[in-house]
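# Residue-level structural notes
Given next are the chains, with one letter for each unit.
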Amino acid sequence: MPRKLILDGNTVYELDEECMLQQKSSEYDKETLAVHVNKEDEKKAVRRQNRK
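This is a predicted model, so every value here is computed, not measured. (Residues numbered from 1 in each chain as written. Predicted model: local features only at pLDDT ≥ 70, side-chain atom pairs only at ≥ 80, totals over all residues. Heavy atoms only, no water.)

## Description of the overall build of the protein chain
The following threshold applies: Numbered from the N terminus, helices here are DSSP runs of H or I no shorter than four residues, and strands are runs of E no shorter than two. In this description the radius of gyration comes from C-alpha coordinates, and the expected globular size is given by 2.2 Å times residues to the power 0.38. Each residue is assigned to one of three classes by its accessible area relative to the maximum for its type, calculated with a 1.4 Å probe on protein chains only: buried under 20%, partly exposed between the two thresholds, exposed over 50%.
For the protein chain, the count of helices and strands is one helix and two strands. In terms of overall size, the protein chain is more extended than a compact globule, its C-alpha atoms giving a radius of gyration of 21 Å where 52 residues would be expected to give roughly 10 Å. Referenced to the eigenvectors of the C-alpha coordinate spread, the extents of the protein chain come out at roughly 65 × 25 × 5 Å. Classification of the 52 residues of the protein chain by burial places 2% in the buried group.

## Some thoughts on the confidence of the model for the protein chain
As a reminder of what qualifies: Confidence scores here are pLDDT values: one per residue, from the predictor, ranging 0 to 100.
Model confidence for the protein chain is summarised by a mean pLDDT of 80, while 96% of its residues fall at 70 or above. No element of the protein chain has a lower mean pLDDT than helix H1 (residues 17-51), at 80, and none a higher one than strand S2 (residues 11-16), at 84.

## Observations regarding the pattern of salt bridges
What counts is decided by this rule: Salt bridge, as used here: a side-chain nitrogen of Lys or Arg that lies within 4 Å of a carboxyl oxygen of Asp or Glu.
The full count for this structure, using the stated rule, is one salt bridge. Where Lys43 meets Glu40, a salt bridge forms, and the shortest distance between an N and an O atom there is 3.8 Å. Residue Lys43 and its partner Glu40 are both found in helix H1; the two are separated by three residues, about one turn of the helix. Owing to a relative accessible area of 45%, Lys43 belongs among the partly exposed residues under this scheme.

## Considering the side chain of Asp16
Secondary-structure assignment places Asp16 in strand S2. Judged by its relative accessible area of 19%, Asp16 is buried.

## Side note on the pairing of S2
One face of the sheet, then the other: side chains in a regular strand alternate in exactly this way. The condition is simple: Here, strands pair whenever DSSP counts at least two bridges between them.
When strand S1 (residues 3-8) meets S2, the two strands line up antiparallel, connected through six bridges. Across the sheet, the residue bridging to Leu7 is Val12, located in S2. The loop that links S1 with its antiparallel partner S2 comprises two residues; one of these, Gly9, has a positive phi angle of about 65°.

Structure below.
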């Protein structure tokens, strides 16, 4: 697994790049779903207004 070390003074951080990419991907999926849901809600609101 590719890993990245970050040195900060006496502290060493180890990052798992594959894990970070998976997290980004899942965050993107959640954002995409949220955008889709918001668009559907907007469409429903417009339909309701047009009925009045």
